[in-house]
Amino acid sequence: MHRISKTVVLSLALAIAFPVPGTKAKTNPKKAQVAAGPPVLWREPADIATRNLYYGPGGKAHEPHGPFTFEKEDANGTNPKFDVVDADGVKWRVKLGDEARPETAASRLIWAAGYFANEDYFVPVLRVRNLPRLHRGRQFVLPDGTVRNARLKRHSKGEAKLGIWKWDDNPFKDTREWYGLRVMMAVISNWDLKDVNNSIYAVKGDRAEQRYMVSDVGASLGANAFNYGLRGNLKAYSRSKWIGGTSPEYVDFAIANWSAFNHWITRRIPVEDARWIGNLLAKLSPDQIRDAFLAAGYSPQDAEGFAQVVQRRIADLRKL
């Protein structure tokens, strides 16, 4: 019988516990470049002071309209998900669980700063035709078949997902906008910064381009470290220390990233880039920030509480 060295055993264990980022989805950069135009991470939000954070990037015009018809269940990811088609023939990905509210609010804050975000809408009571017995998320379905507290993500016909992008290997590395996005992850206390949570979308039309975005921000607005029970939790979010340490040149944010490979993302941020994104966010009014949380189904009291924490963090960035 052949002996296996301790080194090999340890390597196998680490591979299982911490799979190499980016292995779940791949894309050919050259093919994507030809098919989708130039890569874009950020676009200056010239209208930031008037952006509607209640309706978000999709606006009121893209709001989902019932009735909804069940299409299929999605077994991927941690949270229960399934697809529906609305009265206008638009396809939506329904996400249930603790991430529905924080993802809706966090995506609006990211979009407000000029980064790309999915068109997300929070629906407290969702009625779905032909809804079968779900394999996951049955606890969110009422006896009459309606679904509670759902986040709906729009599938746009003019875009197609090309694959994922890596935090440490992308066309924007070391740019102000790349650092600014890392700061945004700290502002919202996103502890699940795996590469597979990043998406590249090919957008067709007059402005053909590859849009790079953080497409899964559900593990936000709660504790600063891995904790499935404290996502979208006002008490945890408000009490968490978010700035770890500063020097004349760099700032570290106290976010303990769940990904063992990407623990550096909220560390060693140039102060000038952190201050830049803070000054940009400062153009948002308290009402705009509050609307992001009201859109996510939080009570007026909690929405105000979350908004105050965000405003404090913006002020902290400007003081760096």
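Residues numbered from 1 in each chain as written. Predicted model: local features only at pLDDT ≥ 70, side-chain atom pairs only at ≥ 80, totals over all residues. Heavy atoms only, no water.

Engineer: Teacher, can you tell me more about the overall build of the protein chain here?
Structural biologist: Each helix and strand in the protein chain was counted, giving eight helices and 13 strands. Split into buried and exposed, the 320 residues of the protein chain put 49% on the buried side. For the protein chain, long-range pairs separated by at least 24 residues make up 71% of all intrachain contacts whose partners lie at least 6 apart in sequence. Working note: accessible area of the protein chain is about 15800 Å², and carbon and sulfur atoms make up 52% of it. (Helix = DSSP H or I, 4+ residues; strand = E, 2+ residues; numbered from the N terminus. Buried < 20%, exposed > 50% of the residue type's maximum accessible area, 1.4 Å probe, protein only. Contact = heavy atoms within 4.5 Å. Areas by Shrake-Rupley, 256 points an atom, 1.4 Å probe, with all protein chains shown as cover.)

Engineer: Whenever I open this one, the confidence of the model for the protein chain confuses me. Can you help?
Structural biologist: Residues shown with low pLDDT carry predicted positions that ought not to be read at fine detail. Averaged over every residue, the pLDDT of the protein chain is 88; the share at 70 or more is 88%. Every residue in residues 1-25 is under pLDDT 50, and counting partners more than four places away or in other chains gives 13 contacts. Within the model, pLDDT remains below 50 along residues 30-34, and this stretch shows seven contacts once partners closer than five positions in the same chain are excluded. (pLDDT = per-residue confidence, 0-100.)

Engineer: Can you walk me through the environment of Asp98 in this structure?
Structural biologist: Within the secondary structure, Asp98 sits in the loop between β4 (91-95) and α3 (100-112). Along the backbone, Asp98 and Ala150 are 52 residues apart, and their C-alpha atoms lie at a distance of 9.7 Å.

Engineer: In this structure, what is going on with the pattern of salt bridges? I would like to understand it.
Structural biologist: Pairing is possible between side chains that carry opposite charge, provided their charged atoms lie close to one another. Inspection of every chain in the model, using the stated rule, returns 19 salt bridges. For Lys91, the salt bridge identified is with Asp83, shortest N-O distance 3.7 Å. A salt bridge links Lys95 to Glu103, with the shortest nitrogen-to-oxygen separation between them at 2.9 Å. One network of salt bridges, with partners in common, ties together Lys95, Asp98, Glu99, Glu103, Arg151, Asp216 and Arg231. (Salt bridge = Lys/Arg side-chain N within 4 Å of Asp/Glu carboxyl O.)

Engineer: Whenever I open this one, the packing of helix α7 (residues 286-294) against helix α8 (residues 300-319) confuses me. Can you help?
Structural biologist: Two numbers describe a pair of packed helices, the interaxial angle and the distance between the axes. Their axes nearest at 8 Å, the elements α7 and α8 cross at an angle of 130°. The pairing of α7 with α8 is recorded here as oblique in orientation. Note on packing geometry: the crossing formed by α7 with α8 is right-handed. Two secondary-structure elements touch here, α7 through Pro286, Ile289, Arg290, Phe293 and Leu294 and α8 through Pro300, Ala303, Glu304, Phe306, Ala307, Val310, Gln311 and Ile314. By residue class, the composition of the contact of α7 with α8 is 10 nonpolar, one polar and two charged. (Axes fitted to C-alpha atoms, helices over the stretch in contact; angles between N-to-C directions. Parallel < 35°, antiparallel > 145°, perpendicular 65-115°, else oblique. Left-handed = near helix turned anticlockwise from the far one by under 90°. Nonpolar A, V, L, I, M, F, W, Y, C, P; charged D, E, K, R; others polar.)

Engineer: Explain the side chain of Ser189 here, please?
Structural biologist: Tracing the backbone shows Ser189 in the loop between α4 (176-187) and β9 (198-203). We classify Ser189 as buried; its relative accessible area is 0%. Leaving out residues up to four positions away in the same chain, Ser189 has contacts with Ala219, Ser220, Leu221, Gly222, Ala223, Asn224, Tyr237, Ile255 and Arg313.

Engineer: What exactly am I supposed to notice about the nonpolar core here?
Structural biologist: Side chains of a nonpolar character, in soluble globular proteins, are inclined to be buried together. In terms of nonpolar packing, the biggest core is built from 59 residues, with Tyr115, Trp167, Met185, Phe253, Ile277 and Phe293 touching the most fellow members. Only α3, α4, β10 (209-214), β12 (250-253), α6 (271-281), α7 and α8 provide two or more residues apiece to this core. What Trp167 contacts, discounting residues up to four positions off in sequence, is Trp178, Leu181, Arg182, Met185, Leu193, Lys194, Asp195, Asn198, Val214, Asn262, Trp264 and Ile265. Phe70, Val128, Leu134 and Phe140 belong to the second-largest nonpolar core, a separate cluster that totals 18 residues. (Core = buried A, V, L, I, M, F, W, Y, C linked by side-chain atoms within 4.5 Å.)

Engineer: Explain the packing of α3 against α7 here, please?
Structural biologist: Interhelical geometry of α3 versus α7 gives an angle of 145° and a closest axis separation of 7 Å. Residues Ala105, Arg108 and Leu109 of α3 form the contact with α7, whose participating residues are Ile289, Ala292 and Phe293. For the contact of α3 with α7, the residue count by class is five nonpolar, no polar and one charged.

Engineer: Whenever I open this one, unusual backbone geometry confuses me. Can you help?
Structural biologist: Leaving glycine aside, a negative phi is the common case for residues, and trans is the common case for peptide bonds. The peptide bond linking Gly66 to Pro67 adopts the cis configuration, its omega dihedral lying at 5°. With a phi close to 55°, Ser189 is a non-glycine residue in the positive phi region. Here the phi dihedral of Arg268 falls at roughly 50°; this positive angle occurs in a residue that is not glycine. Looking at the element boundaries, Arg268 is found in the loop between β12 and β13 (269-270).

Engineer: I'm lost on the sheet that holds β10 in this one. Help?
Structural biologist: Strand pairing in a sheet takes place through backbone hydrogen bonds and is either antiparallel or parallel in direction. If you trace the four strands from one edge of the open sheet to the other, you get β1-β10-β9-β8, paired in mixed fashion. The outermost strands of the open sheet, each flanked by one partner alone, are β1 (39-40) and β8 (159-163). Sheet analysis places β1 next to β10, joined by two bridges and oriented parallel. Bridge pairing in β10 links Pro39 to Gln210. (Pairing = 2+ DSSP bridges.)

Engineer: Which parts of the structure should I look at to understand the sheet that holds strand β11 (residues 243-246)?
Structural biologist: Taken together, the three strands give an open sheet; going across it, the order is β11-β12-β13, and neighbouring strands pair in antiparallel fashion. With partners counted over all chains shown, the strands left at the sheet margins are β11 and β13, one partner each. Sheet topology note: the β11/β12 ladder contains three bridges and is antiparallel. Its bridge partner being in β12, Ile243 is matched across the sheet by Phe253.

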